[in-house]
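Analysis of the macromolecular model
If you want the building blocks of each chain, they are given just below.
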Amino acid sequence: MLNRYRTVRAEGEQEIVIKRSRFIGYAKPVLTEEEAVAYIDEIKRLHRQATHNCSAYVVGERDQFQKASDDGEPSGTAGKPILEVIKNKRLKNVVVVVTRYFGGIMLGAGGLVRAYTDGAVAGIEAADEIDLVLHREVLVEVDYTWYGKLENELHGKGTRIGGTDFTDRVTVRCLPETTEADAFIVWMTDLTGGQASITVGEDSYFVDGE
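A brief report on the enclosed structure follows. (Residues numbered from 1 in each chain as written. Predicted model: local features only at pLDDT ≥ 70, side-chain atom pairs only at ≥ 80, totals over all residues. Heavy atoms only, no water.)

**Details of the overall build of the protein chain**
Each helix and strand counted, the protein chain has five helices and ten strands in total. On C-alpha atoms alone, the protein chain measures out to a radius of gyration of 23 Å, which is more than a quarter above the 17 Å that the 2.2 N^0.38 rule sets for 210 residues. Considering only C-alpha atoms, the protein chain reaches an extent of 75 × 25 × 25 Å along its principal axes. For the protein chain, the residues scored as buried account for 42% of the 210 residues in total. In the protein chain, the share of contacts with a sequence separation of at least 24, taken over all contacts with a separation of at least 6, comes to 72%. Accessible surface for the protein chain amounts to roughly 10,900 Å². Of this, 48% is attributable to carbon and sulfur atoms. (Helix = DSSP H or I, 4+ residues; strand = E, 2+ residues; numbered from the N terminus. Rg over C-alpha atoms; globule rule 2.2 N^0.38 Å. Buried < 20%, exposed > 50% of the residue type's maximum accessible area, 1.4 Å probe, protein only. Contact = heavy atoms within 4.5 Å. Areas by Shrake-Rupley, 256 points an atom, 1.4 Å probe, with all protein chains shown as cover.)

This is the structure:
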């Protein structure tokens, strides 16, 4: 798993009008190529009457799944510009569809490239670009006598906290970045004089800065 990557938060939609043609940009986060293809098909069903539903996606840790479709527009004027927007923004695990309803005015090859580029940007902006950072769950269990100090130290360090359970002891669900997890465990052990019970859980992504 990547320690960090840039994607979009959720499905977004935004429409722009260029020389009376409507361009509706859609963007959505996906985890597999199958999800990307399914979303493209969904937008095509939604806009059966549209002139074109052009698309592109980039999926995989190494961007190993990439595809662009002009969907009837002149070759290289729609799918490729959409794909270039995704790649220039360094986004991963994203699918973008730009739907066009022809307005009666020809745009020419250069005009189409600009229009589909703008449509892709609009959809991505509506979907909200974010950075996802991989964090590791570290459960720190201590006696109540340690809880005040532990809470203060975690707050001072700015450690992400996933929750706290109060039973016969206190268990704090800490979520340090995965790259810092080993050092965090050493710090916790030293801080509590070895009296903390520490359990390592799974890795998961969280939005950077939130």
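**Observations regarding helix 1 (residues 33-46)**
Its 14 residues place the ends of helix 1 20 Å apart at the C-alpha level, agreeing with the 20 Å of an ideal helix rising 1.5 Å per residue. All buried positions along helix 1 are accounted for by Ala 36, Tyr 39, Ile 40 and Ile 43. The buried residues of helix 1 all sit within an arc of 100° when viewed along its axis, so they share a single face. Buried residues along helix 1 sit in contact with strand 3 (21-29), strand 4 (52-59) and strand 6 (94-101). (Expected span 1.5 Å × (residues − 1). Arc of directions from axis to C-beta.)

**A look at the packing of helix 4 (residues 144-157) against helix 5 (residues 181-191)**
Interaxial distance between helix 4 and helix 5 falls to 11 Å at its minimum, and their mutual angle equals 145°. In terms of crossing hand, the pair formed by helix 4 and helix 5 is right-handed. Contacts from Trp 146, Lys 149, Leu 150, Glu 153, Leu 154 and Lys 157 in helix 4 reach Phe 184, Trp 187, Met 188 and Leu 191 in helix 5. Its residues assigned to classes, the contact of helix 4 with helix 5 comprises seven nonpolar, no polar and three charged. (Axes fitted to C-alpha atoms, helices over the stretch in contact; angles between N-to-C directions. Left-handed = near helix turned anticlockwise from the far one by under 90°. Nonpolar A, V, L, I, M, F, W, Y, C, P; charged D, E, K, R; others polar.)

**A word on the pattern of salt bridges**
Two side chains of opposite charge can pair, provided their charged atoms sit close to one another. Following the criterion strictly, the structure yields 14 salt bridges and no others. The closest approach of N and O atoms between Lys 92 and Asp 63, which form a salt bridge, is 2.8 Å. Of this pair, Lys 92 sits in the loop between helix 2 (79-88) and strand 6 while Asp 63 sits in the loop between strand 4 and strand 5 (65-69); the two residues are 29 residues apart in sequence, bridging distant segments of the chain. For Lys 92, a relative accessible area of 16% gives the class buried. One network of salt bridges, in which partners are shared, links Arg 6, Lys 89, Glu 129 and Asp 131. (Salt bridge = Lys/Arg side-chain N within 4 Å of Asp/Glu carboxyl O.)

**Thoughts on the environment of Asp 71**
Along the chain, the position of Asp 71 falls in the loop between strand 5 and helix 2. Under the relative-accessibility criterion, Asp 71 is labelled partly exposed at 28%. In sequence terms Asp 71 and Ala 36 are 35 residues apart; their C-alpha atoms lie 16 Å from each other. Once you skip the residues sitting within four places of it in the chain, Asp 71 turns out to touch Lys 44, His 52, Asn 53 and Cys 54. In this structure the side chain of Asp 71 is engaged in a polar contact, spanning 2.6 Å, whose partner is the backbone nitrogen of Asn 53. (Polar contact = N/O pair within 3.5 Å; in protein donor to acceptor, adjacent residues only side chain to side chain.)

**Let's talk about the pairing of strand 5**
On a regular strand, each side chain points to the face opposite its neighbour's, so the side chains alternate between the two faces of the sheet. Where strand 4 and strand 5 come together, five bridges link them in antiparallel fashion. Bridging across to strand 5, Val 59 finds its partner in Phe 65. Between the antiparallel neighbours strand 4 and strand 5 lie five residues, among them Gly 60 with a positive phi of about 110°. (Pairing = 2+ DSSP bridges.)

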